[in-house]
Amino acid sequence: QKEVEQDPGPLSVPEGAIVSLNCTYSNSAFQYFMWYRQYSRKGPELLMYTYSSGNKEDGRFTAQVDKSSKYISLFIRDSQPSDSATYLCAMGETSGSRLTFGEGTQLTVNP
Amino acid sequence: NAGVMQNPRHLVRRRGQEARLRCSPMKGHSHVYWYRQLPEEGLKFMVYLQKENIIDESGMPKERFSAEFPKEGPSILRIQQVVRGDSAAYFCASSPDATGVTGELFFGEGSRLTVL
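Conventions used here
- Residues numbered from 1 in each chain as written.
- Chains lettered and ligands numbered in written order.
- Predicted model: local features only at pLDDT ≥ 70, side-chain atom pairs only at ≥ 80, totals over all residues.
- Heavy atoms only, no water.
- Contact = heavy atoms within 4.5 Å.
- Buried area = accessible area lost by both parts, 1.4 Å probe.
- Salt bridge = Lys/Arg side-chain N within 4 Å of Asp/Glu carboxyl O.
- Polar contact = N/O pair within 3.5 Å; in protein donor to acceptor, adjacent residues only side chain to side chain.
- Nonpolar A, V, L, I, M, F, W, Y, C, P; charged D, E, K, R; others polar.
- Helix = DSSP H or I, 4+ residues; strand = E, 2+ residues; numbered from the N terminus.
- Buried < 20%, exposed > 50% of the residue type's maximum accessible area, 1.4 Å probe, protein only.
- Phe/Tyr/Trp six-rings, centres within 6.5 Å; stacked < 30°, edge-to-face > 60°.
- Pairing = 2+ DSSP bridges.
- Axes fitted to C-alpha atoms, helices over the stretch in contact; angles between N-to-C directions.

A. Geometry of the interface of chain A and chain B. The interface of chain A with chain B comprises 21 residues on the first partner and 25 residues on the second. When the two sides are added together, the surface that chain A and chain B hide from each other amounts to roughly 1800 Å², 52% of it contributed by carbon and sulfur. Across the chain A-chain B interface, the total number found is one salt bridge. We note a salt bridge from B:Glu109 to A:Lys42, for which the minimum N-O separation is 3.3 Å. The interface formed by chain A and chain B includes six residue pairs in polar contact (both at pLDDT 80 or more). When grouped by side-chain class, the residues that make up the side of chain A that touches chain B number nine nonpolar, seven polar and five charged.

B. Molecular detail of the side chain of A:Arg37. All names here are of chain A. By secondary structure assignment, the location of Arg-37 is in strand β4 (residues 30-38). Arg-37 sits in the buried class, given a relative accessible area of 15%. Here Tyr-39 takes part through its side chain, which lies 3.5 Å from a polar atom of the side chain of Arg-37. Excluding its chain neighbours within four sequence positions, the residues that come into contact with Arg-37 are Gly-43, Pro-44, Glu-45, Leu-47, Phe-61, Asp-83, Ala-85, Thr-86 and Tyr-87.

C. Up close: the packing of aromatic side chains. Throughout the structure, instances matching the rule amount to 11 aromatic pairs over all chains. Here A:Tyr36 and A:Phe101 contribute two aromatic rings whose centre-to-centre distance is 5.7 Å and whose plane-to-plane angle is 55°, an arrangement assigned as tilted. Here A:Phe101 lies in strand β10 (residues 99-101) and A:Tyr36 lies in strand β4, a separation of 65 residues in the sequence. As far as burial versus exposure is concerned, A:Tyr36 and A:Phe101 are alike and both buried. Here the aromatic rings of B:Tyr35 and B:Phe45 are separated by 5.7 Å at their centres, their planes lie at 75°, and the arrangement is edge-to-face. Taken together, the residues B:Tyr35 in strand β4 (residues 31-37) and B:Phe45 in strand β5 (residues 43-50) connect sequence positions 10 residues apart. Exposure class is identical for B:Tyr35 and B:Phe45. Each is buried. Aromatic rings pair up to connect A:Tyr36, A:Phe101, B:Tyr35, B:Phe45 and B:Phe107 into one cluster.

D. Structural view of the environment of B:Glu68. Residue and element names in this part refer to chain B. Note that Glu-68 resides in strand β7 (residues 65-68). On a C-alpha basis, the gap between Glu-68 and Val-32 in space is 9.8 Å, while along the polypeptide they are 36 residues apart. Residues within four places of Glu-68 in sequence aside, it is in contact with Leu-49, Pro-74, Ser-75 and Ile-76.

E. Fine view of the sheet that holds strand β1 (residues 5-7) of chain B. Residue and element names in this part refer to chain B. With respect to topology, four strands assemble into an open sheet ordered β1-β3-β8-β7, the strand pairing being antiparallel. The outermost strands of the open sheet, each flanked by one partner alone, are β1 and β7. On average, adjacent strands in this sheet sit at an angle of 15° to one another, irrespective of strand direction. Two elements, strand β3 (residues 19-24) and strand β8 (residues 75-79), share five bridges in a ladder whose sense is antiparallel. Across the sheet, Arg-22 pairs through a bridge with Ile-76, a residue of β8.

Listed below in structure tokens is the structure:
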């Protein structure tokens, strides 16, 4: 069983839609949760970062963490064609030096 | 302010040859991480280095792979006697301190290795 499970998609939505991306995990030691965005043929860039259960909002993006269910989500409101990318969830332990990534969900927002 | 620089961006090798991938971290960053992305898979941690020290190499294959981050110059990921299964995108990331899991990692654009 993978430590982090993420539906690879692909996910295709019309412009303006609300997008929901999700990851589940099995390692209770994960305390830090991130979402990275990766455009085609580029490196990942950090989108959202949180270390506690609950919601964190940044513009059109909301990250949600439920540690009791070992479940994290990223919501994108009013999605734009420029949001078309692969979204990777990532998690880390307090004492570790590595991030464990999900497989990534490929999102296409159609104009 | 230059970001993380990786070269070469694309590298083609025949089976049995050696591949050397270079990474210059962001200015002021002394912590370097290497990740590998295989087709249809997520990023997998390989190694974490500070200047002249390997801190965590638990993700490195036991044979053929090595990494260094010398006092001067870029970090280098070296793959000896490459096989087709080594074909992947290799990403380098850097951070200003030991925040590899508690803060932001800055990634380069990757080096794509193709083994014929």
